[in-house]
Amino acid sequence: MEQLLHYVWKHKIFPLKELKTTTGQQVEVIDTGLANTDAGPGFFNAKLKLDGVLWIGNIEIHERSSDWFKHGHHADAGYNSVILHIASEIDTEISRSNGERIPQIQLICPEAVRTNYKELLETDSYPPCYRIIPSLPPFTAHSWMSALQMERFEQKATLLNERLKRCQGNWEDTFFITLARNFGFGLNGDAFETWAHQLPFRAVDKHRNDLFQIEAIFFGQAGILEDSDGDGYYLRLKKEYIYLQHKFELIPMNTSLWRFLRLRPTNFPHIRIAQLACLYHRASRIMETETLQGVRDILKGGTSEYWLTHYTFGGSSPSRPKTLSNTSLDLLIINTVVTFLYAYGLHKGNPVLCARAGSFLEELKAENNYITRMWEQCGMKASNAADSQALIQLKKEYCDKKKCLYCRIGYEYLKRK
């Protein structure tokens, strides 16, 4: 209920009568203040008039006024700046740490808001606000989608920066590890990230002009050169890896991390590792490529000749190039290239890179997954990848977490009569 009171105060959903404190002072709300999501009072820098006198300070909200003492605010100097306390039930007077009384008002959540909020929390249909989506004002939908796109950019950039710290600030290593994780396309994402973190990049760089040696290190570190038997290519790779393993003191990863069940042969780890080896060998400057088609051409890549007729070591298959599909390419661009352009642009203070990230998303087709299909059924169709990323953010960060009070669609639902 306290959360709902915060919402009512923030959006000025006040009763149609004059506001007064418990001691009879007239209250005029000029600015409800800035909502605080961290420790401290609920709203900062509010502006009020109490009996015509202007006050500027903080606001604290509780379900009951006695919660002020229950939470220890009366002994916390950080709450001395509170100029007004709001509660739905006034059961005691409250004071600052120096004993001064703090004005209070009783604020009751309107019944319609309470009922609508209960519906959002308890409705079985998903999303619970589906009824009003077709009638949303176009500006509301567009502005919320834009905000969600930016929020997703920021969230992904934060995760990438955490990976960057693990790589001691090396952007090239971080890019490859991120790319490798996304080459796992979900099922093998964790395994590919573990594998990439165990790659000795500085050692590989010394052999970057030799694709065979890169493959030997890549496959060896993946733990899939452990068998004693195999065809000629396999045995040559194994021999090369043993030499490089001794030279650079390498430790391969645990092969139990790799998943093959329900994978198409083109998605086998062997093929993905061969494609990544080829990309690393070419040392392409993806981040410097200014066009979406240029990025696609680099990532589409290929493999060494052996993999044209193989999906794993051993048994052969009809010859065919092992390149990425357009759908896979788009997912890699969305989850790797676009994120990196934005994060690196922020790091360098280069708005051109950030703008390019947004431009790429707008050029790409909308993702087709269960989330985007769900929103389309409700009346919110994604026209490009920027929209689909916004809708994914909306579901994962608001709908799944029941954060309807922070959602603009939730706002439209709550104010229904």
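Since this is a predicted model, take the numbers as computed values, not measurements.

Reading the values: the criteria
- Residues numbered from 1 in each chain as written.
- Predicted model: local features only at pLDDT ≥ 70, side-chain atom pairs only at ≥ 80, totals over all residues.
- Heavy atoms only, no water.
- Patch = residues over 30% accessible without salt bridge, like charges linked within 9 Å, V, L, I, M, F, W, Y side chains within 5 Å.
- Areas by Shrake-Rupley, 256 points an atom, 1.4 Å probe, with all protein chains shown as cover.
- Salt bridge = Lys/Arg side-chain N within 4 Å of Asp/Glu carboxyl O.
- Helix = DSSP H or I, 4+ residues; strand = E, 2+ residues; numbered from the N terminus.
- Buried < 20%, exposed > 50% of the residue type's maximum accessible area, 1.4 Å probe, protein only.
- Contact = heavy atoms within 4.5 Å.
- Axes fitted to C-alpha atoms, helices over the stretch in contact; angles between N-to-C directions.
- Parallel < 35°, antiparallel > 145°, perpendicular 65-115°, else oblique.
- Nonpolar A, V, L, I, M, F, W, Y, C, P; charged D, E, K, R; others polar.
- Arc of directions from axis to C-beta.
- Polar contact = N/O pair within 3.5 Å; in protein donor to acceptor, adjacent residues only side chain to side chain.
- Disulfide = S-S within 2.5 Å.
- Core = buried A, V, L, I, M, F, W, Y, C linked by side-chain atoms within 4.5 Å.
- Left-handed = near helix turned anticlockwise from the far one by under 90°.
- Expected span 1.5 Å × (residues − 1).

Participant: Mind showing me how you'd approach a nonpolar patch on the surface here?
Facilitator: On the surface, a nonpolar cluster with roughly 280 Å² of combined accessible area is contributed by Ile 30, Leu 54 and Ile 56. When you line up the elements, Leu 54 lands in strand β5 (residues 53-64).

Participant: How should the environment of Tyr 7 be read in this particular structure?
Facilitator: With respect to the helices and strands, Tyr 7 occurs in helix α1 (residues 2-10). Take Tyr 7: its relative accessible area is 3%, and that puts it in the buried class. Along the primary structure Tyr 7 and Tyr 411 are separated by 404 residues, whereas in three dimensions their C-alpha atoms are 9.3 Å apart. Apart from residues no more than four positions distant in its own chain, Tyr 7 is found in contact with Ile 13, Leu 405, Gly 410, Tyr 411 and Leu 414.

Participant: What is the right way to look at the packing of helix α4 (residues 138-166) against helix α15 (residues 385-399) in this model?
Facilitator: Relative orientation and spacing of two packed helices are given, respectively, by the angle between their axes and the distance between those axes. Following both chains from N to C, one finds α4 and α15 inclined at 75 degrees, their axes separated by 8 Å at the closest point. The angle between α4 and α15 falls in the class roughly perpendicular. Where α4 approaches α15, its residues Trp 144, Met 145, Leu 148, Gln 149, Glu 151, Arg 152, Gln 155 and Lys 156 are matched on the opposing element by Ala 386, Asp 387, Gln 389, Ala 390, Leu 391, Ile 392, Gln 393, Leu 394, Glu 397 and Tyr 398. Within the contact of α4 with α15, the residues separate by chemical class into 9 nonpolar, 4 polar and 5 charged.

Participant: Can you walk me through helix α14 (residues 370-378) in this structure?
Facilitator: Because the α-helix completes a turn every 3.6 residues, residues three or four places apart line up on one side. All of the buried residues in α14 are Ile 371, Thr 372, Met 374, Trp 375 and Cys 378. Seen from one end, α14 has its buried residues packed into an arc of 155 degrees, which puts them on one side. The exposed set on the far side of α14, more than 90 degrees from its buried face, consists of Tyr 370 and Gln 377. At its buried positions, α14 is contacted by α15. Immediately downstream of α14, the backbone of Gly 379 shows phi near 110 degrees, a positive value.

Participant: Before we go on, may I ask you to explain the side chain of Ser 88 in this structure?
Facilitator: By secondary structure assignment, the location of Ser 88 is in strand β6 (residues 82-89). Note on Ser 88: relative accessible area 19%, which makes it buried. Among the polar contacts listed, one links the side chain of Ser 88 to the backbone oxygen of Glu 63, at a separation of 2.8 Å. If we skip the residues at most four places from it in the chain, Ser 88 touches Leu 5, His 62, Glu 63, Gln 106, Leu 107 and Ile 108.

Participant: Could you clarify how one ought to interpret the state of the cysteines in this entry?
Facilitator: Linking two cysteines covalently through their sulfur atoms gives a disulfide. Considering all chains together, one arrives at 0 disulfides under this definition. Just so you know, Cys 378 is unpaired, no disulfide at all, and the nearest cysteine sulfur is the one on Cys 129, 7.3 Å from it. Looking at Cys 407, it has no disulfide partner, and the nearest cysteine sulfur is the one in Cys 129, 6.1 Å off.

Participant: What is the right way to look at the nonpolar core in this model?
Facilitator: Trp 195, Phe 218, Phe 219, Ile 273, Leu 276, Leu 299 and Phe 313 are the most contacted members of the largest nonpolar core, which totals 75 residues. In terms of residues, this core owes the most to one element, helix α12 (residues 326-348), which gives 10 residues. Those residues in contact with Phe 218 that lie beyond four places of it in its chain are Phe 176, Trp 195, Leu 199, Val 204, Ile 273, Leu 276, Ala 277 and Tyr 280. Val 27, Tyr 117, Ala 382 and Leu 394 belong to the second-largest nonpolar core, a separate cluster that totals 49 residues.

Participant: Teacher, can you tell me more about the packing of helix α5 (residues 171-183) against helix α10 (residues 269-282) here?
Facilitator: The contact between α5 and α10 brings their axes to 11 Å, and the two run at 155 degrees. Relative to α10, α5 is oriented roughly antiparallel. Crossing hand, α5 versus α10: right-handed. Contacts between α5 and α10 involve Phe 176, Leu 179, Ala 180 and Phe 183 from the first element and Arg 272, Gln 275, Leu 276, Leu 279 and Tyr 280 from the second.

Participant: What am I meant to see in α10 here?
Facilitator: If you check α10, its first and last C-alpha atoms are 20 Å apart, about what 14 residues at 1.5 Å a residue would give, namely 20 Å. Counting buried positions along α10 yields 12 of 14 residues, so the element is predominantly enclosed. Of the residues making up α10, those classed as buried are Pro 269, His 270, Ile 271, Arg 272, Ile 273, Ala 274, Gln 275, Leu 276, Ala 277, Cys 278, Leu 279 and Tyr 280. Of the surrounding elements, those touching the buried residues of α10 are α5, α6 (189-197), α7 (201-205), α8 (211-221) and α11 (292-300). Downstream of α10 by a residue or two, Ala 283 has a phi angle that is positive, lying close to 50 degrees.

Participant: Is there a simple way to explain the environment of His 310 in this structure?
Facilitator: Along the chain, His 310 turns up in the loop between α11 and α12. Accessibility expressed as a relative area gives 8% for His 310, which makes it buried. Counting along the chain gives 40 residues from His 310 to His 270, while the straight-line C-alpha distance between them is 9.2 Å. Each residue touching His 310, except ones within four places of it in the same chain, is listed here: Asp 231, Ile 271, Gly 315, Ser 316, Ser 317 and Lys 322. Of note is the side chain of His 310, whose polar atom sits 2.8 Å from the backbone oxygen of Tyr 306. Within the structure, the side chain of His 310 is placed 3.1 Å from the side chain of Thr 309, a separation counted as a polar contact.

Scope: geometric values only; no functional claims are made or implied.
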